Every structure is written in C-alpha cells, then in structure tokens.
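# Tertiary structure, described
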Amino acid sequence: MFFLTFIVDQPVHGKAGEWIGVLEDLIVRIGDERYPPIAGLVVRDGRRRFFVPARHLQDLKGAARLSSSTVDLQSFSRRDGEILLRRDVLDHQLIDITGRRIVRVNDVQLTRVEGVYRVVGVDISARALLRRLGPRFLAGRIVGRQIIDWSDVQYLASAAPVQLKVSYDRLAELNPVDLARIVDALSYRESAEIVAALDEETAAETLEEVSDERLADLLEGMDQERAADILEEMTPAAAADVLENLDEDVAEQLLARMEPEEAADVQAHLAYDEDSAGRLMSTHFVTISAVATVGDSLAALRSMEEVPDPLLALYVVAPDDPDHLQGIVRLRSLILADPATPLADLMDEDVPTVSPNDRAEDAARVLAEYNLLAVPVLDDETRKLIGIVTVDDALAVLLPEVWQRRGTRVFAA
Amino acid sequence: METPARPRLRRFWPYLRALGPGLLAAAAGNDAGGIATYASAGASYGYGLLWAMVLVTIFVGVVQEMSARMGAVTGKGFSDLVRESFSLRITALILLTLLVANAGIIVSEFIGIAAAAELFGVSRYVAVPLAAVLVWLLITRGSYGWVERIFLVLSFAFLAYVGSAFLARPDWSEVLGHTLQPRLRMEVGYLYVLIALIGTTISPYMQLYVQSSVVEKGVTPSDYRYTRFDVIIGTVIAGLVAGFIIIATAATLFPRGIEIETAADAARALEPVAGSYARVLFGLGLLGASLLAAGVLPLATTYMLSEALGFERGVSRTWDEAPIFMGVFTGLIVLGASVALIPGLPLMQVLVGVYVLNGILLPIELFAILRLVNDRELMGSHVNSPSYNILAWGIAILVSLLSLILIVLTVLGWFS
C-alpha cells in the first residue's frame, strides 16, 4: 500500500528505463466497484499531457515503470465516468459515512490487488498535510494515522466536471438528522447532488431537518413534480413551514401539484400563524368510540393502514359525535388493561386542551406542567378535536438553539 | 388553488434582502486602521490622494464582486476553493499570507481600543485586557449577535466626518480638481500612505467575509444579481465615507500642518461638527469599530484555517472538542492584545504600517482570486469576460507594481 502524494511528480520510465515524462495524475474509473481501479496515468512532458492506459503499467511504486517502450501516447482529455485522483479527489471533501461527517482528503491510499491497482482508502490526518509540506526525504517517516476505507466514504460527484455514475447506497445508512447536518455543511451543488440521490421518503425526513435557507434553495432548484412528492411525504405541519419560506409563486405551483387531500392538509396548517399550536400540531391521531373495549381498540390499531408515529395515546370520542373528545387513554394503560375493559372506564376525562391559536410555546408549557406526552387541540368555536401537539414537537419549540444550524457559519471563509 | 395571502418576508424585496454582506464588509472597512489611514492621508497630503481614493474604490468593487460571484457560483468559501484548486504548498502560502495580514489587523483593532481608551483618559493597560476578555466571552458564549449590532451602531459615529467635511467649508472646486486629476508622487512617504490606502480599502479579509456571507446566505447563480447590487452599494458608500474623512482632515488639519500622531489629532478634524465633544464622538466611533472587528477578525481567521486544514471547528464547543480551533482563536486575541500593550508603541504609525503590510500582501490574494474566478471547470459560464479580465488583471498588476516600488524605495532608503 502506498500513497498518491508519494508517486505524483515522479518520473515515468519505459521498459528500457528511458524517460517518458512525469506522473501528473491517476485516472480512476468510478461507479460500481467497491474499490475503484486505476484506468490509466496522466503523464506530463513539458506542456503536453499524455494518457497511458493501465494495461501498459508494470509498476507504480516509486518511479512508475511502463511495460513497453513504444507506448501509443494519446493526448489526454477527460472522459465521463472517470475522475482524476489528484485533481478531483485529493484536497476535496467527502462524506465519511461511519463517522457521519464531512472530511477532507489529505492523501489517497492505493494498493495492488491481483495485478490491478485500486484506490482503497483516504487519509484525513493532519500528519498527512505535514508530510506533504515537508521535504521529500522526511515523507517516509511521517505516517498517516487516520485512514478511512474507500467503501466507507461517499464521493461527491459534483467535485468533478464530468458526468459520473456514483453509487449513493451508503447514504441510506445515515440517520436523516445526521444527513441534514451534512447537507447544511456542504455547498449548494453538493447538497443538491445528495438530495437527488435519496428516495422521496428519506429526502422528506432529511429535508425536514435542514436549515430554512438551504431547504428553500433545494426545493426551488429541483424538478417540481419531485418537490411536490417530497412535500407529500413530509408531515403537513413541516410542509406548511417549508412552503412559507419559498417564493410565493413556487409555493403555489407546488401545492397545485400535490395530491388534493395532502394539499388541503397543508393549507389547513398554513391557515394558522407560524408560531401557533395549530401550525405545530399533528393531524394524524387515533380516535376510538367510548363504547369500544380495549380489545376492540388494539384490533383496530393493528388493522389501520398507517398508524401515527409517535403513538402515545388514543383519543376517546362520543359514539354519536366522532369529533367530540371525551377523554384520553394512554398507551400504557391500554397495554396493561384487560382486553374486555370498556374505554370509557379506562379513560382520563379531566384533560387539559389547547386552542390552535395558542402559541406553540404555551402548548409546550402545558405538556410540561401536566406531565403529558401529548395535548389535544380543540377548535375554538366548535370544540372539535382537530389535532394533537406531541412532546417531541414541543421539545423543538422549547429548545430553538438545537435547531439553529446556521449559527456562526458566516465567518467560515 | 389559492395560498393564503401571507407576507412572504423572505422573498419580499429581493434587492433589499440582498443588502448585507457587501454593506457590512464596507462598514468594517472603516475601522480603526481605516480611519487612521484616511485621516493621515488627508492630514499629510491634503486632497492629494482623493484621485487615488476613487480608483481604489473601483478596485475594491471589482475584487469584491469577483469574490461574491465565486461564492454564489461555487457555494464554497475562498479557503475551500484555494485548498481544492491549488497545490498544498501554494495553499499554505496563501493561508499564511492571510494569517499574517489578519493578525496585523487584529493587532490594529486592539491598538484602536487602546487609542480610544486614552482619548477618554483610561489607561490602555486597563482597557485592552478588559476588551480582550469581553470579546472572547461574548463570542464563545454565543451572545455576539446582538452585541455586534451595538458595536456597529457605535461605529456609525464616523459618519460625523461627512458632516465635518461640509462644515469645514473646503474649496469644493479644489476638491473636485484633485479627485479627477491623478497625480502620482514617487516619494516613499506618499507611496506608503497610498499602499496603506489600498491595503485598508481592499483588506484581504473583507473579500473572504463577503464570499463567506454569500455562501452562508445560500445565494445561487440565479439570484446573484441582487447580491451584486449589494456589493456595489456597499462599496460606493464605503468609498464615499472614506473620501469625506480625507476631505475633513484635509480641510481642518492639513492647512495647519498638523500631522496625525495620536488619535486626539484625528479627533480634532471632527471639531467643526462636534466642537469640544469631538474627542468623545471620535472615541466612541473608534471603540465601536475596533471592538466589532476585534471579534469578527479572530473568528473569521480561525474559521478560514479550520475549513482549509480540516480541524474541528465551532466556538460553541468546549476546549476538549475543538482544541485547535479554540487555541488559534484565543491565541489571535491574546496576540493582538499583547502587541497593543507594548510600551511606547507609536499607535498611529503601527496602524498605518499594518495596512501597508496588507497592501503588500494583497497581490498574492488577488492573483489567487483571478486564477479561481477564471477557472472554467469551477465557474462554468460565470468566468470573467475578457474586458472584465483586462480590468481585473490591470488592477492586480498595478497594485503589485506599487508594492514593489515601495519596497524598492524603502530598501534604497535604508542604504542611503
């Protein structure tokens, strides 16, 4: 195994030892293989740059040696599907999947496997920088300490000015929150690349956590059908917040492309002020008639197409008026009770509620004060149950700093 | 389907919204060193450098526009681009240059604080350490946001120079004559102040700041034109304020042959506006501008290094989590404060000297910007047009020549 910076700018010799040029760069074919193979060399002689295919390469370590003397030196020009290690990988940023962060490549590790040279890792240690800055003879003594396997990194195709088919499978391993943090930290082009590679559901989960500015830029920059699909995958509350940050015309167009039901849900949220409980609440909750038993409820839950997440309680409603809240049965009580128990016996009737026009902070405070996991939202006039504010949303409201991803990045040069 | 008529504040008035990076960077340009340089220029050479001010303002507009454009098109900061496009050795050189230049400016900010303190009769040995601790605490505790605004407002006191310039009733035809007629004098003193003028107006860190702000705001190539408007406005305003400072000191101090040795001298130019309160007004402005920059500069420099070199960054982290970041950041503040406390330091001269250094190092940054902004692989169709290139390259070469001449003349001066 050896490093890229050890071999570049070293002479390249033909079979008979004659001087051909200086090794400028290595061409790597990127795409399906786990460890990309070297496809060829870029050799520089004066001002000219030649391409030498890998099959003519005999040895790469130290001074590169070719296996023939009469090499058909084709002039080098870039091709799709290929990247240059020195120009497109070295000193660029990659995503370290296992480390869930962005790293900068300080050196590239290569090795020969069954006669083929492959890229196997990147060195992100500071020592690699020292090694490159210092005189050559010391280089061998400063060994890099932080090597990340190439299969554990996500290469960003926007680093190279050619069309590439990069595999983004490993991105799916990242938690949407981590992914959102990475998306925020990357440049717009790079983050657009990442988001384009995600399926709609993951994209929605990720984008919900991305900062407002970046989110608006991303949605406005992508195909509108896809943007609408992603918005549908988000919770209506999140989608409402997102749409409000977009350009008015674009927001209208996206709403128009969404499924009518979904769009209506989002509109309902948009009807409330930005910081209100009505905007924060989830409209996805489970109601059960008061005459049902515990057994009935569990059966009903299991047969539901989409069970809300988080599921914290069941909302017991009057048998003749399914919008009228009579009480709440916490999931805990449901699980511990005898299946024959009617819900009316189990439920908590004395339940604090909030209005959709209350401030989100006040709803959060109610949750905290009464030790609740969720608080129902009742419409002011009709007293109908229209939504719930859950404890995880309340947390987001009470701890705004956690969600401030932008912060002092303005000073990042 | 109708969306509710909700004020979309974010995208309302796109031009007004874009006002930010350029304007702020321009305001930062009128800091301690800036004031010292412009005031010295007026006091020592009267209106003789106004023509230079016009040209330099155009220069800085061009350079800032290129920086902002790079930020919008690539979405990356300057040090990111340098690291990715140039060899590591060149990257190290450029970063070192910027580090030295910025360190000098940080020193100048603390000198500004020292000078302001002395205007109010407070010993610098009390004021400077206090200010250093204050700034460090404010930034690491995250409350810098609103404090930054207070300092910014204080620094607007320098607008009093504009009033002063009018109240001193200069001969406006003379002013106009000097503004429109370039007259380059090949003397060390003149060139010295000229390069300081360039160094303070086209301060390298301001380019970095503009580019980072553009990146942080998420400006994309399609909405770049609003940002360009902001850059132009900011540049013009900064240039005007600088011009009025020169006119004010030229009209009040130059005729009486008063050179600027201390801050008190510079404050006297405000007497037409503020009478005996000139010292107070000037002191407040100086304090505000210096504190502002004393916070921004170390942070910006440390971020620049951390982006290019890849160490963990963030002021909100503890010493354990980001030791190099906190170390560099703290070190810069300590350095700045320490140098400002050296006994017998000729404050005004050091202030101007720092900007001469900036001016000399500027060509390195300029050539780096030119290489990057013309790289088609990086900028796509947004590279410089040929005519723009002639202008930009012309500026870079001119500035380099001036620096070279100054260095040569100074060295010759040592041997004569």
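Everything discussed here concerns the structure shown above.
Residues numbered from 1 in each chain as written. Chains lettered and ligands numbered in written order. Predicted model: local features only at pLDDT ≥ 70, side-chain atom pairs only at ≥ 80, totals over all residues. Heavy atoms only, no water.

## Notes on the overall build of chain B
Rule in force here: In this description a helix means any DSSP run of H or I spanning at least four residues, a strand means any run of E spanning at least two, and both kinds are numbered starting from the N terminus. Relative accessibility decides the category of a residue: with a 1.4 Å probe and only protein chains considered, values under 20% of the type maximum give buried, values over 50% give exposed, and everything between is partly exposed. By the convention used here, residues are in contact when the closest approach between their heavy atoms is within 4.5 Å. Using a 1.4 Å probe, accessible areas were evaluated by the Shrake-Rupley method; residue-level cover was limited to the displayed protein chains.
Counting its regular elements, chain B contains 20 helices and zero strands. Burial statistics for chain B: of 416 residues in total, 60% are counted as buried. Taking as baseline every contact in chain B between residues at least 6 positions apart, the subset at least 24 positions apart corresponds to 81%. Carbon and sulfur atoms form 70% of the exposed surface of chain B, whose accessible area is close to 16300 Å².

## Section: the overall build of chain A
Here is the rule we go by: Every radius of gyration here is taken over C-alpha atoms, with the globule rule written as 2.2 Å times N^0.38, N being the number of residues.
Within chain A, the regular secondary structure consists of 18 helices and 20 strands. Computed over the C-alpha atoms, the radius of gyration of chain A is 29 Å, more than 25% above the 22 Å expected from 2.2 N^0.38 for a compact globule of 413 residues. On the principal axes, the C-alpha backbone points of chain A span a range of 95 × 50 × 40 Å. Each of the 413 residues in chain A was classed as buried or not, and the buried ones make up 51%. Pairs at least 24 residues apart make up 57% of the contacts formed inside chain A by residues separated by at least 6 positions. With the model as given, the accessible surface of chain A reaches about 19600 Å², and the carbon-plus-sulfur share is 47%.

## Some details on the packing of helix α18 (residues 347–373) of chain B against helix α20 (residues 386–415) of chain B
All names here are of chain B. Applicable threshold: Helix axes use the C-alpha atoms of the stretch in contact, all axes being lines fitted to C-alpha atoms, and the angles between their N-to-C directions lie in the range 0 to 180 degrees. Angle categories: roughly parallel below 35 degrees, roughly antiparallel above 145, roughly perpendicular from 65 to 115, and oblique for all the rest. Should the near helix be turned anticlockwise from the far one by less than a right angle, the crossing is termed left-handed; should it be turned clockwise, right-handed.
Contact geometry of α18 with α20 gives a least axis separation of 9 Å together with a crossing angle of 150 degrees. Taken together, the axis directions place α18 and α20 in an arrangement best described as roughly antiparallel. Of the two possible hands of crossing, α18 and α20 adopt the one that is left-handed. Between α18 and α20, the residues in contact are Val356, Gly359, Ile360, Leu362, Pro363, Leu366, Phe367 and Leu370 and Asn389, Ala392, Trp393, Ala396, Val399, Ser400, Ser403, Leu406 and Ile407, respectively.

## Let's talk about the pairing of strand β4 (residues 38–45) of chain A
Strand residues, when the strand is regular, have side chains that alternate between the two faces of the sheet. All names here are of chain A. Our working rule: Any two strands are treated as partners once DSSP identifies two or more bridges connecting them.
Here β4 lies mainly inside the structure; six of its eight residues are buried. The pairing of β4 with strand β5 (residues 48–53) spans six bridges and is classified as antiparallel. When the bridges of β5 are listed, Asp45 appears paired with Arg48. Once β4 ends, the chain turns through two residues before running back antiparallel as β5, passing Gly46 with a positive phi of about 65 degrees.

## Some remarks on a negative patch on the surface
All names here are of chain A. The line we're drawing: The patches described consist of residues with a relative accessible area above 30% and no salt bridge, like charges being joined within 9 Å and nonpolar side chains (Val, Leu, Ile, Met, Phe, Trp, Tyr) within 5 Å. Any Lys or Arg side-chain nitrogen located within 4 Å of an Asp or Glu carboxyl oxygen qualifies as a salt bridge. Note on charges: Lys and Arg go in the positive column, Asp and Glu in the negative column, and His and the chain ends are not counted at all. Here the site of a charge means atom NZ of a Lys, CZ of an Arg, CG of an Asp or CD of a Glu.
Where like charges cluster on the molecular surface, the negative patch consists of Asp199, Glu200, Glu201, Glu205, Glu208, Glu233, Glu305 and Glu306. With four residues, helix α7 (residues 200–209) is the largest single contributor of residues to the negative patch. Tracing the sequence through the fold places Glu201 in helix α7. For Glu201, a relative accessible area of 48% translates into the label partly exposed.

## Overview of helix α5 (residues 176–185) of chain A
Residue and element names in this part refer to chain A. Condition: Pairs of N or O atoms within 3.5 Å make up the polar contacts considered here, provided that, within protein, one atom can donate a hydrogen while the other can accept it, and that residues adjacent in sequence are counted only when both atoms are side-chain atoms.
Of all the ten residues making up α5, seven are buried; the element is thus mostly covered by neighbouring parts of the structure. Taken as a whole, α5 has its buried residues at Pro176, Asp178, Leu179, Ala180, Ile182, Val183 and Asp184. Those residues of α5 that are buried lie in contact with β10 (93–96), β11 (101–104), α6 (188–197), α7 and α8 (212–221). Measuring from the side-chain oxygen of the N-cap residue of α5 to the backbone nitrogen of Val177 gives 2.8 Å; that N-cap residue is Asn175.

## Side note on the environment of Asp149(A)
Residue and element names in this part refer to chain A. Take Asp149: it is sitting in strand β14 (residues 147–149). Expressed as a C-alpha distance, the spacing of Asp149 and Tyr35, which sit 114 residues apart in the sequence, is 9.1 Å. Those residues in contact with Asp149, other than ones at most four positions away along the chain, are Tyr35, Val120 and Gly121. Within the structure, Asp149 has its side chain in polar contact with the side chain of Ser151 (distance 2.5 Å).

## Focus on the nonpolar core
Soluble globular proteins tend to pack their nonpolar side chains together in the buried interior. Going by this rule: Among buried residues, those of type Ala, Val, Leu, Ile, Met, Phe, Trp, Tyr and Cys that are joined through side-chain atoms within 4.5 Å constitute a nonpolar core.
Residues Phe78(B), Phe110(B), Tyr161(B) and Phe282(B) are the most contacted members of the largest nonpolar core, which totals 130 residues. Here Phe110(B) is in contact with Val128(B), Ala131(B), Ala132(B), Ala294(B), Ile333(B), Gly336(B), Ala337(B) and Ala340(B), once residues within four sequence places are set aside.

## Regarding the pairing of strand β19 (residues 374–378) of chain A
Residue and element names in this part refer to chain A. Within β19, five of the five residues are buried, which leaves the element mostly enclosed by the surrounding structure. With burial as the criterion, each face of β19 is covered, one bearing Ala374, Pro376 and Leu378 and the other bearing Val375 and Val377. The pairing of β19 with strand β20 (residues 385–390) spans five bridges and is antiparallel. The residue of β20 that forms the bridge with Ala374 is Thr390. Hairpin connection, β19 to β20: the antiparallel pair is bridged by six residues, and Arg383 has positive phi, about 60 degrees.

## Examining the packing of helix α7 (residues 124–140) of chain B against helix α16 (residues 278–309) of chain B
Residue and element names in this part refer to chain B. Under the convention used in this document: The residue classification treats Ala, Val, Leu, Ile, Met, Phe, Trp, Tyr, Cys and Pro as nonpolar and Asp, Glu, Lys and Arg as charged. All others, Gly included, are polar.
Where α7 meets α16, the closest approach of the two axes is 10 Å, and the angle between their N-to-C directions is 55 degrees. Considering the angle they form, α7 stands oblique to α16. Taken as a pair, α7 and α16 cross one another with a handedness that is right-handed. Two secondary-structure elements touch here, α7 through Ala131, Val135 and Ile139 and α16 through Leu291, Ala294, Gly295 and Leu299. Its residues placed into classes, the contact of α7 with α16 shows six nonpolar, one polar and no charged.

## Details of a nonpolar patch on the surface
All names here are of chain B. Judged by side-chain polarity, Phe120, Val122, Val126, Leu130, Tyr277, Val280 and Leu284 come together as a nonpolar surface patch covering roughly 640 Å² of accessible area. At the level of elements, α7 and α16 are the ones that each hand at least two residues to the nonpolar patch. Mapped onto the secondary structure, Val122 falls in the loop between α6 (88–119) and α7. Accessibility expressed as a relative area gives 35% for Val122, which makes it partly exposed.

## Quick word on the sheet that holds strand β16 (residues 287–289) of chain A
Residues and elements named next belong to chain A. Strand order in the open sheet formed by three strands is β16-β17-β18, with mixed pairing between adjacent strands. Two strands lie at the open edges of the sheet, namely β16 and β18 (325–330), each paired on one side alone. Sheet twist, expressed as the mean angle between neighbouring strand axes with direction ignored, is 35 degrees. The pairing of strand β17 (residues 313–317) with β18 spans five bridges and is classified as antiparallel. If you follow Ala313 over to β18, its bridge partner there is Arg330.

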